[in-house]
Amino acid sequence: MNDLNIDIVERETKVILPEKLVFGKIYTDHIFEVDYDEELGGWYNPTIKNFENINLSPAAMVFHYGQSIFEGLKAYKQDNGRVALFRPEKNVERLNRSAKRMCIPEIDPDFVLKAMLELVRIDKDWIPTRPGHSLYIRPVMFASEPLLGVRSAVNFKLIIMLSPVGPYYPEGFKPVPIYATDKYARAVRKGIGEAKTAGNYAASLMGQHEAKKEGYSQVLWLDAIEQKYLEEVGAMNIFVRFKNEVTTPMLTGSILPGITRMSVLQILKDWGYNTTERMISLQEVIDAYKTGDLIEMFGTGTAAVISSVSKLKFNDQLLQFSETEAGELGTKLYEELAGIQYGRVEDKHNWMTYID
Ligand code: PLP
Ligand code: COI
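Small disclaimer: the values here were computed from a predicted structure and weren't measured.

The rules behind the values
Per chain, residues are indexed from 1 in the order of the written sequence. Note on labels: chains are lettered from A, ligands numbered from 1, in written order. With pLDDT at 70 or above as the cut-off, local features in this predicted model cover only qualifying residues; side-chain atom pairs require 80 or more to be listed or tallied, and sums for whole chains, interfaces and linings still use all residues. Side-chain numbers come from the whole structure's heavy atoms, not from hydrogens or water. To get an axis, fit a line to the C-alpha atoms, keeping to the stretch in contact for a helix; angles then go from 0 to 180 degrees between the N-to-C directions. Strands here mean DSSP runs of E at least two residues long; helices mean DSSP runs of H or I at least four residues long; both are numbered from the N terminus. Between 65 and 115 degrees an angle is taken as roughly perpendicular, under 35 as roughly parallel, over 145 as roughly antiparallel, and anywhere else as oblique. In this scheme the crossing of two helices becomes right-handed for a clockwise turn of the near helix relative to the far one and left-handed for an anticlockwise turn of less than a right angle. We call two residues contacting when some pair of their heavy atoms lies within 4.5 Å. Residues are sorted three ways: Asp, Glu, Lys and Arg are charged, Ala, Val, Leu, Ile, Met, Phe, Trp, Tyr, Cys and Pro are nonpolar, and all the rest, Gly among them, are polar. As used here, the term nonpolar core means buried Ala, Val, Leu, Ile, Met, Phe, Trp, Tyr and Cys residues forming a set that is joined through side-chain atoms within 4.5 Å. Under the scheme applied here, a residue whose accessible area is under 20% of the maximum for its type counts as buried, over 50% as exposed, and between as partly exposed, the area being computed with a 1.4 Å probe on protein chains only. Pairs of N or O atoms are called polar contacts if they sit within 3.5 Å, as long as, within protein, a hydrogen donor faces a hydrogen acceptor (for residues adjacent in sequence, only side-chain-to-side-chain pairs). Each patch is built from salt-bridge-free residues with over 30% relative accessible area, joining like charges within 9 Å and nonpolar side chains (Val, Leu, Ile, Met, Phe, Trp, Tyr) within 5 Å. Surface accessibility in these figures is a Shrake-Rupley result with a 1.4 Å probe; residues are shielded only by whichever protein chains are displayed. What makes a salt bridge here is a side-chain nitrogen of Lys or Arg within 4 Å of a carboxyl oxygen of Asp or Glu, nothing more. Helices are assigned an expected span. That span is 1.5 Å times one less than the residue count. When DSSP locates at least two bridges between a pair of strands, those strands are taken to pair. Stacked, tilted and edge-to-face are the three classes applied to pairs of Phe, Tyr and Trp rings, where Trp contributes its six-membered ring and a pair requires centres within 6.5 Å; stacked means planes under 30 degrees apart, edge-to-face means over 60, and tilted covers the rest. Our definition puts a charge over a ring when NZ of Lys or CZ of Arg is within 6 Å of the ring centre and also within 35 degrees of the ring normal. Each domain's extent is set by a domain assignment, obtained either automatically or from a database. Buried area adds together the accessible area that both of two parts lose upon being put together, with accessible area traced by a 1.4 Å probe. Proximity is defined per residue: any heavy atom of the residue falling within 4 Å of a molecule or strand makes that residue near it.

Colleague: Got a minute to help me understand the packing of helix H2 (residues 88-101) against helix H3 (residues 109-122) in this structure?
Modeller: When two helices pack together, their arrangement is given by the angle between the helix axes and by the axis-to-axis distance. Contact pair H2 / H3: the axes reach a minimum separation of 10 Å and the direction vectors enclose 130°. Considered as vectors, H2 and H3 are oriented oblique to each other. The handedness of the crossing between H2 and H3 is right-handed. The segment H2 lies against H3, with Pro88, Glu89, Val92 and Asn96 engaging Pro109, Val112, Leu113 and Met116. Split by residue class, the contact of H2 with H3 holds six nonpolar, one polar and one charged.

Shown next as structure tokens:
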């Protein structure tokens, strides 16, 4: 691939952000864009340019057959003024794994990382500094070839855009109410659940809509085969803390392998907790709630960070936790993780990548 072109019109950027940021609604001045052409032999013309609408044929295959993947990670303005990204190489690795699963050509990970860091450097004045705020980085890769036949495309586009964000949930960092359902399924083993691809989110919308109508923030998805085992929550992985174990669903192929999940497992191991990755049935969780063996539940994700569960509903069963206070371990993990991200806690595992 040729070198990174920088094709931006310098503007006097005055970044004035509203007090309350709706997640993902405001974008910065610039994007990174690169195209793929099978005949040209690969990715070409990588450019950082002004944020603008893109021009695609109505027949672009992404609109019809969903050949599209994305990523989500964050850059933080640390207390000492430095700008750092959390484990960006893991997101780039996952981008390429998703690409492979969706028949999208992979891309040189070092180059994408370099372009991402340069984009963040150019737009770093957009990074909000209020507590819990950050710059969300959204790479998206999709089929741009116009064709109505069903097959994998030969032209693709990768765009990286940036969005200053606050907390993902309207609740802020308060515990979130979650609703388990066996009416729908999000993904099935051997399907595309472990890829970060548009179709998984499309599959989740109806359940999410119904959960919202009942006053719940997100759906806790169950496995699609037996509808018995916990999988993950709309935009986060789920952890269950029993009396003597902190556990999270094992990666069976239908769950997104979260980078926050992986980091939380590492922190818990560092702290000496008994952690497991296994099949967890909803019935086991309900039974443990009744006997007092269930201590707390929380979700983990880039957008959601660590979100404690305030209550979990499944049909006529209701598991009630505190509606106002995050769980003890959830709080400790939030402080540790956010501490590393904002530079207040030692980064023992070298998870942060600095842009300056
Ligand atoms: N599960 C789903 C479906 C997600 O969309 C996300 C968010 O990216 C996660 C889990 C958490 O993954 P990560 O920690 O890498 O953000
Ligand atoms: C993320 O946490 O990065 C997500 O992708 C969640 C959601 C916005 C899709």
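Let's pick the thread back up.
Colleague: Honestly, the nonpolar core in this entry has me stumped. Any pointers?
Modeller: Among soluble globular proteins, nonpolar side chains are generally buried collectively. Residues Phe32, Leu85, Val120, Ile137 and Met141 are the most contacted members of the largest nonpolar core, which totals 48 residues. Among the elements that take part in this core, H3 stands out by supplying eight residues, more than any other. Sequence-distant contacts of Leu85, defined by excluding residues within four places in its chain, comprise Leu73, Lys74, Ala75, Met116, Leu117, Val120, Ile137, Trp351, Met352, Thr353 and Ile355.

Colleague: Explanation requested: the side chain of Thr28 in the structure shown.
Modeller: Tracing the backbone shows Thr28 in the loop between strand E1 (5-7) and strand E2 (30-37). A polar atom in the side chain of Thr28 sits 2.6 Å from the side chain of Asp123.

Colleague: Would you mind going over a nonpolar patch on the surface with me for this structure?
Modeller: A contiguous nonpolar surface patch, about 340 Å² in accessible area, is contributed by Tyr65, Leu148 and Val150. Relative to the elements of secondary structure, Leu148 occurs in the loop between strand E7 (134-143) and strand E8 (155-165).

Colleague: How should H3 be read in this particular structure?
Modeller: Helical periodicity: at 3.6 residues per turn, an α-helix aligns residues three or four positions apart in one direction. Here H3 spans 20 Å end to end across 14 residues, near enough to the 20 Å set by a 1.5 Å rise per residue. The set of residues buried in H3 consists of Phe111, Val112, Leu113, Ala115, Met116, Leu117, Leu119 and Val120. At the N-terminal boundary of H3, the capping side chain belongs to Asp108, with an oxygen 3.1 Å from the backbone nitrogen of Asp110.

Colleague: Where do I start with the pairing of strand E6 (residues 83-86) in this structure?
Modeller: Sheet faces and side chains relate simply in a regular strand, where the side chains alternate between the two faces. Burial along E6 is two-sided: Val83 and Leu85 and Ala84 and Phe86, pointing in opposite directions, are all buried. Relative to E6, strand E5 (residues 73-77) is paired through three bridges, and the arrangement is antiparallel. Within E6, the residue paired with Ala75 across the bridge is Leu85. Taking the residues between adjacent antiparallel strands as the criterion, E5 and E6 are bridged by five residues, where Gly81 takes a positive phi near 90°. Pairing geometry for E6 and strand E18 (residues 352-354), over three bridges, is antiparallel. By the bridge assignment for E18, Ala84 is matched with Tyr354.

Colleague: Looking at this structure, how should I read the environment of Val112?
Modeller: Topologically, Val112 is positioned in helix H3. C-alpha of Val112 to C-alpha of Asp37: the two residues are 75 residues apart in sequence and 17 Å apart in space. The residues contacting Val112, other than those within four sequence positions of it, are Val92, Ile107, Leu158 and Ile160.

Colleague: What should I look at first to understand the packing of aromatic side chains in this one?
Modeller: Here the distance between the centres and the angle between the planes together describe a pair of aromatic rings. This model, assessed by the stated rule, comprises twelve aromatic pairs. Their ring planes at 80° and their centres at 5.1 Å tell us that Tyr76 and Tyr342 sit as a pair that is edge-to-face. With Tyr76 in strand E5 and Tyr342 in the loop between helix H7 (328-341) and E18, the pair connects residues that are 266 residues apart, well separated along the chain. Side by side, Tyr76 and Tyr342 carry an identical accessibility label, which is buried. In this structure an aromatic cluster arises from ring pairing among Phe23, Tyr136 and Tyr168. A cation sits over an aromatic face here: Arg82 above Tyr354, 3.9 Å from the ring centre. Lying across the ring of Trp271, Lys332 places its NZ or CZ 4.7 Å from the centre.

Colleague: Can you walk me through the domain arrangement of the protein in this structure?
Modeller: In many analyses, interface size is given as the accessible surface area lost on bringing the parts together. Segmenting the protein into domains produces domain 1 (5-165) and domain 2 (176-341). Each of domain 1 and domain 2 has a C-alpha centre, and the two are 27 Å apart. Each partner contributes residues to the interface: domain 1 has 22 residues there, and domain 2 has 21 residues. Sorting the residues of domain 1 by area buried against domain 2 places Phe70, Phe86 and Arg94 first, and these three jointly supply 33% of that buried surface. Joining domain 1 to domain 2, the criterion identifies zero salt bridges. Linking domain 1 with domain 2 are twelve residue pairs in polar contact (both at pLDDT 80 or more).

Colleague: Mind showing me how you'd approach the site of ligand 2 here?
Modeller: For ligand 2, the full set of nearby residues is Phe23, Phe70, Gly72, Tyr136, Arg138, Tyr168, Lys196, Tyr201, Ala235, Thr302 and Ala303. Tyr136 is positioned with one of its side-chain polar atoms (N or O) 2.7 Å from an oxygen atom of ligand 2. Residue Lys196 places a side-chain N or O atom 2.8 Å away from an oxygen atom belonging to ligand 2. When the free accessible area of ligand 2 is taken as 280 Å², the share hidden by the protein chains comes to 89%. Taken together, the residues of the shell around ligand 2 break down into seven nonpolar, two polar and two charged. A domain-level breakdown of the shell around ligand 2 finds at least three residues from each of domain 1 (5-165) and domain 2 (176-341).

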